[in-house]
Amino acid sequence: MSDNDLTMPNLSRRDVLATAGALVIGFWLPPRADAQIIHPEGAAWAVEPATEEVNAWVVVNPDETVIVRIGQTELGQGVWTSNAMMVAEELQCDWSKVRPQYASANRDAKEMAPAWTLKVPGNGAQDPSGGGEPEFGDRNRTGVSGIPDSLYRRMRTNAASSVKDGRYYLQLAGAEARERLLLAAAKLWGVPVEEVSSKNSIITHRPTGRTTTYGKVASLAAETPHPHPERIRIKPPSEWTLMGTEQKNLDVPMKVSGKAVYGIDVHLPGMKWAAVKSCPVYGGKVKRYDFERIRTEPGVISAIQFPIPEPRLIRGRIFGGGVAVLADSWYQAKAAIEKMPIEWDVPPENAARNTDNIRAKLLASLDDPVKASVNLGDCDSAFRTAAKIVEATYTVPYLPRARMEPGNATVLVTDNRVDIWLGDQSPQETRYSASQITGIPETNVYVHLCHLGGGYGRNGNGPQAEQAIYIANKNRGTPIHLLWTREEDFINTTYRSIGVARLRAALDKDGWPIAIEARTATDAEAPGANAGFDGAPRYFAPNYRFSIHSARFHIPVGTRRGVGAPAQHFYRESFMDELAHAAGKDPYLYRRELIARTTLPYKADMIKALDVAAEMSGWGKPLPRGTARAIALEEHGAEAGHHATISAMVHTVSLGKQGQVRVERVDVAHEEGFSLVNPLSVRKQIEGQIVWFYNDAMYQECNVAEGRIAENNFDRFLLSRIKEDPPQINIRFFKTGHWMNGMGHDRGTSIQSAITDAVFQISGKRYRDLPLRNHDLTWS
Amino acid sequence: MDLSVNGVRHSVDVAPDTPLLWVIRDQLRLTGTKFSCGIAQCGACTVHIDGRPVRSCSVPVSAAAGKAVTTIEGLSPDGRHPVQLAWMELDVPQCGYCQSGMIMSVVALLKRHPNPTDADIDAEVTNACRCSTYHRIRQAIHVAAAKISTGGGSL
């Protein structure tokens, strides 16, 4: 296809060639050019509707189906369903007719948010009738935090915040659409709107019993503005009928039939495939390559070198430069690039890095004199009067997300338009990147969101889109589908930083801490370095000091699932176990007493979580030899009195004499705040995250050797299988008096300290560095 | 080369050492079968050859010549194979990327063990799921087995 195809006004439709379920998309330039692609079954991207929308989130079709636009990205955490539930709760439409679809990031570049979405109703995070006081932060839509004022507000999917940040305006969107549908019916019938109400998409005039449907009045509603949108109120949890119920995820039928269209599945007419090799040492680039050696390989078209992706487009991270080979099929491109000689220009200081010297530098940084983040009382004096001092040093490795779908993006650049198909947790950022790389304005960039084969942090935090846009920009008019091998996916991703921590406690003669000092260190660019220790101690000590240390390395670090919490919770909860053992006290009751001694706003909720989990687990009841229980607290925001998510888990773990770890059961006490939106999704997230962090505890690590990531496929970077799934996972929810912080990423972290403590209880061996596969766990 | 996929005969013009996966995805445009590791570790690319599960990223297309290949698209015409129904009942998928391969592995398991024990499942379902949906997968396998044994569909 040529550029001309895109600008020919007489092309009135796109061709979709469906060969046995496969997808081929043709192009046309529509009047309103957003995502004018035929919508194949299983595709998720925004499509221009046949019926005029009621508002930017709601389209009601004549057949009564309701399109709900979703501004976040479905990663398996359930937003495809929960976002739709928040709109449908207020809309009062027939839930079985709801059809989610991604919101258009292009429209978001052109339109501002309706004024009625800009103010959060209610009085903060502890007001059940309100929106829950999300933090607006930086309103730059290409930033990494805050809620912008553009049409769909926050389109990024991060920090488990889709419900927390989006609920109030999604409920408002449903309510605004409902009220306008009622106004339209009232206008049609010539009756006062107060006499009209609706349920399940049916509108009733109460005095006469006359009815109509949303689908019949939707066109009129689209032309009927709301006279007082500022007066719209949203329902508190006590009035919810759909939200708070267990709803199956609406994308599941397409995901069990192979129909869901992921980024990797996109085919366009005339499309060429790109296989890539990036410099495996970050900061390195191509010195030379010899395309002549592969020029005649089957299907090969060309090679194109690309520079180190511009760091300012990818949150400052420095990856490598590389080279792509274009071919008719991806396998041809991949087979050819593997035969092509490439020499790298590698910064020698980066190539000199390895796990040992990185970890040694971080450990040394713990003695750097930095200003404490928290310094309560006088730790030094307390340590001088201690009856006993306990000190422990913990370490955790670099960890990638290793989502199952390798990075990919399909990009077509023409003279004044960019189309990008991919799964993406941050389409506003990708839109900006496309504009910066091509010089084409953001208003002419179309990000067509696909299903996403795992995310766990900006879809890998890597430059898949930026590489593909660069290559497509050099091949304008030809759609380019870039796909990484698994090995390239490990190179082109950011990592959870390697981390170390030294915790010290001064205990009195009864074993209670009179001082706790926590020093943690990560790469200086790592996010979340304050998690779990900031503000005030969760476990009371009259003297408390927390300091954040760091050093800078060349491995790009970013937001992996849970961000800072998984490592920091491992340190904190492990240390609490060690203190309880040193004090000769029960680790559950020891934690409980130390939380009770705090003045933290949510201490009652933390105690409740521990009590419920302990009771569920049969805490204290005898276990067979070789089996042990361990308890831990998981909290996010418990120190501040705003949003928080609080849970506790008890893990019952057995250890075979040959060192085989088995998590026999997990008892989970998890808060639901005022209410969860979709408890089924929350259950699924908890089940999955327990095993996610089991992998962190047991197997997963990425080492650095000669500046490169050493483990780069699933033969050496291990994923657990079904045989290691805990046979019993029991989950109980309890209500608290605040809105939750979300729970899609930092639950289940306690399995790390639980397994290490169970190993200690059973074998007497205390290991403080993960993963445990590196240690001898045998006992007799 | 002649290839039979989901009961349809195709003539494909590819190098015989091309992995079956890429013929299925790129030539036949059956994109339900996924690529993930490329080294037969994760199982996202699982399809059946003559009813037996294989990791199609590491099987040359020549090995499938003259045999019957089944992919997720060929499991049922309407997405209502008993394993798919059980998957929907338990709401198994999260991101869903591994689930085509997972379901194909489970169908193969149920062919060998119509009433699998947990030990059978542990031994034979070796696909990886990064969202770790294993808890629901195990329940769904038992539900699917019960459906089939009570006449609620066949493999």
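Residues numbered from 1 in each chain as written. Chains lettered and ligands numbered in written order. Predicted model: local features only at pLDDT ≥ 70, side-chain atom pairs only at ≥ 80, totals over all residues.

A. Quick look at the confidence of the model for chain A. Here chain A averages 93 in pLDDT, while 95% of its residues score no lower than 70. Below pLDDT 50 for its whole length, residues 1–36 of chain A participates in 77 contacts with residues either more than four positions away or in separate chains. (pLDDT = per-residue confidence, 0-100. Contact = placed C-beta atoms within 7 Å.)

B. Looking closely at the environment of Leu220 of chain A. Residue and element names in this part refer to chain A. Turning to its location among the elements, Leu220 is positioned in helix α5 (residues 214–222). Taking C-alpha positions, Leu220 is 28 Å from Gly166, a pair spaced 54 residues apart along the chain. With sequence-adjacent residues up to four places away left out, Leu220 is seen in contact with Ala184, Lys187 and Leu188. (Helix = DSSP H or I, 4+ residues; strand = E, 2+ residues; numbered from the N terminus.)

C. Region of interest: the environment of Pro236 of chain A. Residue and element names in this part refer to chain A. In this fold, Pro236 is placed in the loop between α5 and α6 (252–255). Sequence spacing of Pro236 and Asp127 is 109 residues, and the spatial spacing of their C-alpha atoms is 9.1 Å. When sequence neighbours within four positions are dropped, the list of residues in contact with Pro236 reads Pro128 and Ser129.

D. Quick look at the domain arrangement of chain B. Residue and element names in this part refer to chain B. Entries for chain B in the domain assignment read domain 1 (2–74) and domain 2 (82–149). One C-alpha centre belongs to domain 1, the other to domain 2; they are set 21 Å apart. With 14 residues of domain 1 at the interface, the matching set in domain 2 holds 12 residues. Elements with a contribution of two residues or more to the side of domain 1 that touches domain 2: β3 (46–49) and β4 (52–55). Of all the elements, β3 adds the most residues to the side of domain 1 that touches domain 2, at 3 residues. Its residues placed into classes, the side of domain 1 that touches domain 2 shows 6 nonpolar, 6 polar and 2 charged. (Domains from an automatic or database assignment. Nonpolar A, V, L, I, M, F, W, Y, C, P; charged D, E, K, R; others polar.)

E. Seen up close, unusual backbone geometry. The residue after Leu770 of chain A, namely Pro771 of chain A, is reached through a cis peptide bond having omega 0 degrees. Tracing the backbone shows Pro771 of chain A in the segment after α18 (751–763). Phi is positive for Ala160 of chain A, which is not a glycine, with a value near 50 degrees. Residue placement: Ala160 of chain A occurs in the loop between α3 (105–110) and α4 (162–189). A tally of 23 C-beta atoms within 10 Å means that Ala160 of chain A is categorised as buried. Notably, Asp50 of chain B is not glycine yet its phi reads approximately 50 degrees, a positive angle. Mapped onto the elements, Asp50 of chain B comes out in the loop between β3 and β4. Taking the C-beta count within 10 Å as the criterion, Asp50 of chain B has 11 such neighbours and is therefore assigned exposed. (Buried ≥ 20, exposed ≤ 12 C-beta atoms within 10 Å, placed from the backbone.)

F. Representation of the domain arrangement of chain A in the model. All names here are of chain A. For chain A, the domain assignment lists domain 1 (52–255), domain 2 (263–348 + 407–483) and domain 3 (356–399 + 495–774). The interface of domain 1 with domain 3 comprises 25 residues on the first partner and 21 residues on the second. Mapped by element, the contributors of at least two residues to the side of domain 1 that touches domain 3 are α2 (79–91) and α4. Of all the elements, α2 adds the most residues to the side of domain 1 that touches domain 3, at 4 residues. Of the residues that constitute the side of domain 1 that touches domain 3, the class distribution is 10 nonpolar, 11 polar and 4 charged.

G. Region of the structure containing the packing of helix α15 (residues 587–596) of chain A against helix α16 (residues 603–617) of chain A. Residue and element names in this part refer to chain A. With their axes 9 Å apart at the nearest point, α15 and α16 run at an angle of 165 degrees to one another. As far as their axial angle goes, α16 and α15 are roughly antiparallel. Viewed along their axes, α15 and α16 form a crossing whose handedness is left-handed. In contact with Tyr588, Arg591, Arg592, Ile595 and Ala596 of α15, α16 contributes Lys603, Met606, Ile607, Leu610 and Ala614. (Axes fitted to C-alpha atoms, helices over the stretch in contact; angles between N-to-C directions. Parallel < 35°, antiparallel > 145°, perpendicular 65-115°, else oblique. Left-handed = near helix turned anticlockwise from the far one by under 90°.)

H. The interface of chain A and chain B, seen in detail. The interface is formed by 52 residues belonging to chain A together with 47 residues belonging to chain B. Those elements that provide at least two residues to the side of chain A that touches chain B are α6, α7 (330–339) and α17 (679–698) of chain A. Looking at the side of chain A that touches chain B, the element that brings in the most residues is α17 of chain A, giving 6 residues. Of the residues assigned to the side of chain A that touches chain B, the class counts are 24 nonpolar, 14 polar and 14 charged.

I. Fine view of the sheet that holds strand β1 (residues 58–60) of chain A. Residue and element names in this part refer to chain A. Spatially, 3 strands are ordered β1-β2-β3 in an open sheet, and the strand pairing comes out mixed. A strand with exactly one partner marks an edge of an open sheet, and here the two such strands are β1 and β3 (98–102). When strand polarity is set aside, the average angle formed by the axes of neighbouring strands in this sheet is 25 degrees. As defined by bridge partners, β1 adjoins strand β2 (residues 66–70) across 3 bridges and the pair is classed as antiparallel. Counted as the bridge partner of Val59 is Ile67 from β2. (Pairing = 2+ DSSP bridges.)

J. Structural context of the pairing of strand β6 (residues 210–213) of chain A. All names here are of chain A. Examined bridge by bridge, strand β5 (residues 202–205) and β6 share 4 bridges and lie antiparallel to one another. Considered in β6, the bridge of Ile202 is made with Thr213. Between β5 and β6, which pair antiparallel and follow one another directly, the connecting turn spans 4 residues, one of which, Gly209, has a positive phi of 75 degrees.

K. Focus on the sheet that holds strand β19 (residues 513–523) of chain A. Residues and elements named next belong to chain A. Pairing in this open sheet of 5 strands is mixed, and the strands run β12-β20-β19-β18-β13 from one edge to the other. One side of each edge strand has no neighbouring strand; the edge strands of this open sheet are β12 (374–376) and β13 (388–396). Mean inter-strand twist for the sheet, computed between neighbouring axes without regard to direction, equals 15 degrees. Sheet topology note: the β13/strand β18 (residues 499–507) ladder contains 9 bridges and is antiparallel. Within β18, the residue paired with Ala392 across the bridge is Leu503. Lying on the sheet, helix α9 (residues 355–365) is in contact with β13, β18, β19 and β20 (543–551); it crosses β20 at an angle near 145 degrees. Each of β13, β18 and β19 is contacted by helix α14 (residues 565–583), which is oriented at about 150 degrees to β13, the strand it contacts most.

L. Quick look at the nonpolar core. Residue and element names in this part refer to chain A. The biggest cluster of nonpolar side chains holds 271 residues, and the ones touching the most others in it are Val58, Leu181, Ala324, Val325 and Ala613. At 12 residues, α4 tops the list of elements feeding residues into this core. Contact partners of Val58, with chain neighbours within four places excluded, come to Glu53, Val66, Val68, Val87, Leu91, Ala173 and Ala177. (Core = buried A, V, L, I, M, F, W, Y, C linked by C-beta atoms within 7 Å.)

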